[in-house]
Number of protein chains: 2
Amino acid sequence: MTTPHEPKKLFLNLFEMACVSHITHGLWPLPGNNRHRFDEIEYWTELAEILEDGGFDGVFLADVIGAYDVFRGGPETALREGLQSPNLDPLLVIPAMAAVTKHLGFGATFSTTYEPPFAFARRASTLDHLTKGRFGWNIVTSYLPNAARNFGLDGEIPHDRRYELADEYLDVLYKLWEGSWDDDAVINDRERKVFTDPSRVRYIDHVGEQHRVVGPHIVHPSPQRTPVLFQATGSPAGTAFAGRHAEVVFTGGRTVDEFQKNAATMRAAAAANGRQPDDIKFIVMAGVIVGRTQEEAEDKWRLYQQNASVDGALAHMSLPIDLTAFPPEITVSEAFARAGVVQERTSFLPPSITVGQALDFVHNGREGRFHVVGTPKVVADAIERWLDEDGIDGINLRQYHSFGTAQDFAELVVPELRRRGRLFERGDRPLALRERLFGEGNARLPDRHFAARYRGGANLDAPRESLAVVS
Amino acid sequence: MTTPHEPKKLFLNLFEMACVSHITHGLWPLPGNNRHRFDEIEYWTELAEILEDGGFDGVFLADVIGAYDVFRGGPETALREGLQSPNLDPLLVIPAMAAVTKHLGFGATFSTTYEPPFAFARRASTLDHLTKGRFGWNIVTSYLPNAARNFGLDGEIPHDRRYELADEYLDVLYKLWEGSWDDDAVINDRERKVFTDPSRVRYIDHVGEQHRVVGPHIVHPSPQRTPVLFQATGSPAGTAFAGRHAEVVFTGGRTVDEFQKNAATMRAAAAANGRQPDDIKFIVMAGVIVGRTQEEAEDKWRLYQQNASVDGALAHMSLPIDLTAFPPEITVSEAFARAGVVQERTSFLPPSITVGQALDFVHNGREGRFHVVGTPKVVADAIERWLDEDGIDGINLRQYHSFGTAQDFAELVVPELRRRGRLFERGDRPLALRERLFGEGNARLPDRHFAARYRGGANLDAPRESLAVVS
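Basis of the calculations
Residues numbered from 1 in each chain as written. Chains lettered and ligands numbered in written order. Predicted model: local features only at pLDDT ≥ 70, side-chain atom pairs only at ≥ 80, totals over all residues. Heavy atoms only, no water. Least-squares fit on C-alpha atoms with pLDDT ≥ 70 in both. Buried < 20%, exposed > 50% of the residue type's maximum accessible area, 1.4 Å probe, protein only. Helix = DSSP H or I, 4+ residues; strand = E, 2+ residues; numbered from the N terminus. Pairing = 2+ DSSP bridges. Right-handed = clockwise from strand over helix to strand, strands pointing away. Phe/Tyr/Trp six-rings, centres within 6.5 Å; stacked < 30°, edge-to-face > 60°. Lys NZ or Arg CZ within 6 Å of the ring centre and 35° of its normal. Salt bridge = Lys/Arg side-chain N within 4 Å of Asp/Glu carboxyl O. Contact = heavy atoms within 4.5 Å. Domains from an automatic or database assignment. Buried area = accessible area lost by both parts, 1.4 Å probe. Polar contact = N/O pair within 3.5 Å; in protein donor to acceptor, adjacent residues only side chain to side chain. Arc of directions from axis to C-beta.

Outline the relation of the copies chain B and chain A, listing residues and values.
Least-squares fitting of chain B to chain A yields an RMSD of 0.0 Å, with the superposition described by an axial translation of 0.0 Å and a rotation of 180°. Both copies of the chain, as the preceding transformation shows, are related through a two-fold rotation axis. Considering only C-alpha atoms, the part of chain B nearest the rotation axis is A96(B), at 2.3 Å.

Quick rundown of the pairing of strand β3 (residues 105–111) of chain A? Include the residues and the values.
Residue and element names in this part refer to chain A. With respect to burial, β3 is a largely interior element, 7 of its 7 residues being buried. Where burial is concerned, the two faces of β3 agree: the one with G105, G107, T109 and S111 and the one with F106, A108 and F110 are both buried. For strand β2 (residues 58–62) and β3, the ladder comprises 4 bridges, and the chain directions are parallel. In the strand pairing of β3, G58 is matched with G105. Where β3 lies against strand β4 (residues 135–140), 6 bridges are found, and the strand directions are parallel. Each residue of the ladder has a partner; that of A108, found in β4, is W137. Read as a crossover between parallel neighbours, the route from β3 over helix α4 (residues 117–130) to β4 is right-handed.

Provide a residue-level description of the packing of aromatic side chains, including the pertinent values.
All names here are of chain A. Under the defined criterion, the tally for this structure stands at 48 aromatic pairs over all chains. Seen in terms of ring centroids, Y43 and F403 are 5.0 Å apart; in terms of plane orientation they differ by 35°. Their pairing is tilted. Highlighted residues: Y43 in helix α1 (residues 41–54) and F403 in the loop between β13 (394–397) and α14 (404–419), separated in sequence by 360 residues. Here Y43 and F403 have matching classes, each one buried. In this structure an aromatic cluster arises from ring pairing among F15, F60, F230 and F250. A cation over a ring is seen here: R244 above F450, with NZ or CZ 4.2 Å from the ring centre.

So what about the pattern of salt bridges? Which residues, and what values?
Residues and elements named next belong to chain A. Tallied over the full model, the rule gives 95 salt bridges over all chains. For E389, the salt bridge identified is with R369, shortest N-O distance 3.5 Å. Of this pair, E389 sits in helix α13 (residues 376–390) while R369 sits in the loop between α12 (355–364) and β12 (371–374), and the two are 20 residues apart along the sequence. Within this structure, K377, D381, E384, D388, E416, R419, R420 and R422 form a network of salt bridges that share partners.

Quick one: what's the story with the environment of D205(A), residue by residue and with numbers?
All names here are of chain A. Positionally, D205 belongs in the loop between β6 (194–196) and β7 (206–207). As for D205 and I157, which are separated by 48 residues in sequence, their C-alpha atoms are 26 Å apart. Setting aside anything within four residues of it in sequence, one finds D205 in contact with V213 and V214.

Describe the domain arrangement of chain A, naming the residues involved and giving the relevant values.
All names here are of chain A. What the domain assignment reports for chain A is domain 1 (11–295 + 370–457) and domain 2 (309–364). A separation of 31 Å is found between the C-alpha centroids of domain 1 and domain 2. Contact residues are listed per partner, giving 15 residues for domain 1 and 15 residues for domain 2. Taken together, the two surfaces of domain 1 and domain 2 that pack against each other cover about 1,200 Å², and 60% of this comes from carbon and sulfur. On the domain 1 side of the contact with domain 2, H25, F71 and R72 bury the most area, a combined 47% of that side's loss. Notably, a salt bridge pairs D322 with R72, separated by 2.7 Å at the nearest N-O pair. Counting across the interface, domain 1 meets domain 2 through 7 residue pairs in polar contact (both at pLDDT 80 or more).

Describe the environment of G340(A), and please don't skip the residues or the numbers.
As for its position among the elements, G340(A) is in the loop between α11 (332–339) and α12. It is 30 Å that separates the C-alpha atoms of G340(A) and T24(A), two residues lying 316 residues apart in sequence.

Pulling in residues and values, what's your account of the side chain of Q231(B)?
Structurally, Q231(B) is set in strand β9 (residues 228–232). Engagement of the side chain of Q231(B) in a polar contact is seen with the backbone oxygen of G238(B), the distance being 3.1 Å.

Go over helix α11 (residues 332–339) of chain B with me, naming the residues and quoting the values.
Because an α-helix completes one turn every 3.6 residues, residues spaced three or four positions apart along the sequence face the same direction. Residues and elements named next belong to chain B. For α11, the complete set of buried residues consists of V332, A335 and F336. Seen end-on, α11 carries its buried residues on one side only, within an arc spanning 100°. Residue G340 follows α11 closely and has a positive phi angle near 70°.

Run through the side chain of R134(A), naming residues and quoting values.
Residue and element names in this part refer to chain A. Of note, R134 is situated in the loop between α4 and β4. In this structure the side chain of R134 is engaged in a polar contact, spanning 3.0 Å, whose partner is the side chain of T101. At 2.9 Å, the side chain of R134 and the backbone oxygen of L104 are in polar contact. Apart from residues lying up to four places away in sequence, R134 is in contact with A98, T101, K102, H103, L104, G105, F106, D128, Q224, L431 and L433.

How would you explain helix α12 (residues 355–364) of chain B if you had to name every residue and give the values?
Residue and element names in this part refer to chain B. Turning to α12, its buried residues number three or more, namely V355, G356, A358, L359 and V362. Around the axis of α12, the buried residues are gathered within 160° of arc, so they sit on the same side. Looking at the buried residues of α12, the elements they touch are α10 (310–316) and α11.

Tell me what's going on with the environment of R385(B), and back it up with residues and numbers.
Residues and elements named next belong to chain B. Relative to the helices and strands, R385 resides in helix α13 (residues 376–390). Note: C-alpha distance between R385 and F370 (15 residues apart in sequence) is 9.9 Å. Those residues within four positions of R385 in sequence are excluded, and the remaining contacts are R369 and D390.

Next up, the structure:
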C-alpha cells in the first residue's frame, strides 16, 4: 500500500509474556506496575484495549516451557525474581484479548520440539479463526535443559538437529494448513444440508523421519490458513530455516552495520529458497523511554536502571557460573577458568571484559542502536532513523512497566508518529495480520513460499529438499 | 449448603462442541440455528452471556481429535453432515467465554493418550487461573482410529491399556498440580522484591512407565489446583479409574433401575478408593423440548425428528457396515453376518432388532428416561423426578438448536425450577466450579482424594498402587 512518496510505516508491537518478569528483571515491584496480575484475565483484556485504542498493530507473547535452573545450580533465583516462572500458556490468553478487540494482531511462541504437530496445527487454526486472521506464530525449537526434562528427555537435542526436526514439523503443518482442505470445501449449504463438500478435503498421509500424521486436518481453512511465521535466529542452521519459512524475523544489532548485515544474510537465505527480498520483514526489540520533557524521560530511565536486578539478568542468561562471586577486576574468561567451566554463550558476554564490566553491562541493560530516552520528538526522530537508515520494518517494544510503557507510547509517541505518517491507518474492515504486514489482500502466504507447494493437495507425497544453507 | 428440608438442586449444564453437528445430526440447517457460526468468537461470547444471564451453572465442550471415517469406509458422510468435523480446540474457546462471564463454569474434554502431561498440566492451570477457578476437565482416553493415526500410531491402543496409561498420566498431573508448589509459595512481596519463595517449590522427578517429567510445575497454584475431574464411562476398567479419580460422572440409563445400578457401581468403586459416596456426582445427558403449550413443544420435537439425519447418526456410531444398504426386515446381526463383519459396539444397537427397527431408533433419537417434551410445568416435574427418584445431580442439556435450546430453557424452565427451589442461587462472590458442585469452601479436592497424597511434596517418589477393580 506504500507509494514511493509515502514514508515507510512502523509495525508497532508490544513484547509481552504471561509471567511476572519477562526481560526487565527487578522492575515488577515498581509502583503501579501490574505485572503481578499476569494470571488475571482482566490484565489481558485491559492491556488489549489499551493497545487497540492506542494504535498498536500487535502484541507478541514470548514463552518458555521449563525453569531457568542453570544459574547457581537451581531455579531459586528465577523463582524469587519471577523470572519467566510461573508462566502461563500464551495461546490461552489470546482468545480473551481477541474477544475485546477487532484490529490488534497476536503473536505467540510455540516450540516444534516437544508436542505433536497435529495438535498444534489445530490450535493455530482455531486461533486464526477466533481472531479472524490475526494470529502469528514465533517458531522456536526451545533452549532450556529443564524443558527437555519436562518432556521425557535427558537433555536438550543438539541445536542444529532441532532445526532439522523443526523443518519436518513445519512440513506436516503446511500439509494440514495448506493442502488438506480446498478453499471451496466448506459450502454451508442449508438447502441441501451439506456443510462440507468431501471431494475438497483429503488425507495428508505424512510419513517422515519423526512424524506420521494421516489427517485430514480437523479444522477448515482459517482466514490466513498458515499463521504469520515469525522467527528469531542468528545461527547458520536457524538462518537456513528462516530462509525457507520465516516471514518476520526478530533481529537486532548494536550498530547500523550489524543490523544490516544480519538482514542481508537473511534475505540471501530467502533468495536461495526462491523468495523475494521483501518477503521477510525485520522487527527489532526496542527500548523506548518517553517523557513530556527530556528530564522526565531520563528520570524514568534512571529509575529502571536503579531497580534492575543483576541476579535476574544472570539467571536469565543461564550463566553456569555466578559472576557475582568473583573479583570484579578479573576477566570473564578468567572467572570461567577458575570455576573450571567452559564458557559457551559468548554472544551475551565477551570473554575479554572484566567481571566488573560484565556486571555493569548486565545491570544497566543493553543500550544499543534501538534504545532511546527522550521527548516524543526525540523518540520519533530515532524511530524514523531506524526505519529509513537501518531499514527495520517494526519494533517489539520492551516493557519496563505494565501498563506504563504501552500507555506512555500510545499517549506521547503514537500521535507524533501519526503526524509524520509513520503508522498504519485502520480502515473499516479489520485486516488479517499478514495483510497488515504485507499489504491488503495478502492474507495468505505468497505462491512462492515453500508451503504453497501443497495447495490443492499437490506434492503431498513428494520428498522435500534439504534446506539451502547460505554462508 | 443444602439443609435437610431444602429440595435437592439441579446442576444445570449445556452440552456443546466447537463444531457444526455434535450429537443432533441433521438439525444445523434449521431456521435460526447458529451452529455454522461455531468458528466465530462471537458465537461463543453470545452463548456464554445467554447461559450466564439465563441461570446455567456450566457449559461443557466435548471433543474428538480425528475424523469419523469408519462408516462407509471414509470421512465423507461426517464431512457432509458437519459431524464433529471441522472441530476447533475446545480449550481455546473457554478464555473468550470467561472474558464475558463471572459465574459460568466451563468443562472441556481432553485425551490422556496422545499429548505430553506437562503441557496439559500447564494448559489446565492456565485455564483455572483465567477463569478464577471455573474449569473442569472431562478425562477421556480417545476412541477414534483416525485419532491414533494423527498422532503417529497405526491404530488405537487397546481400551483397558489406555486406562492404565491414563492412570500414570493423572499421577503426573497430580504431582504438578498438588505437589509441586505450596499454597504459600507465591508471596508477591514488593518490598523485598521476592515474587515466589523458592523453598516452597519443588521438582516432582516423576519417572514412570510412560512418562518422565522433572518439573517443577510451570504454573503456581490456581484456585482449584486440580480442575474438577469429569469422566464418562461404563466399562470395568473405566469404572475402576473413575473410582480413584472422577468427581463427576456423565452417566445414563434408560430406566430408573439402570441409572441407579450404574451409580451404585461407581460409588462402590469410589468407596474401594477410600472415598465417600457423595464424592461423586452424577450428570445425565437430557433432552428437554419445552414450549409455552404442550402442542408447541410437541411440534418442535416433531420438527427435530423429521430433520434428524440417519446418515449422521450412523457415521457417528462408527458402524463398520452401512445399515441403509440392507433389507429392513433382517436382523442387525444378520446384516453384520452378510457383510462378513464382526459386530462390536453392541451398546448402541442390540443385535436382535431388525435393520428397520434399528434405523427407526436411529432416526427418532434416544427417548429414554431423561427426555421430556412439554410445558415448563411438565419439564420441571420430570426434572424433579430425576433429582428425587433417580438421584441424579445434574443434567447436560442436549442441544437441538443453537441458541434456541438454551434460550427456551432459560426463559421457560429456569423460572419454574427457581420457584421450586431447584436451582443454585448465586451470591456476591463467584464460586469455583468445585464449590458449585460440592459446596462453598470446597474449591480444592478433599483430603481423601488420591491426588491429596502429594500435597506439601509428600509421596512424590512413592510407588502407586494398582487401581482397585470393583466387579
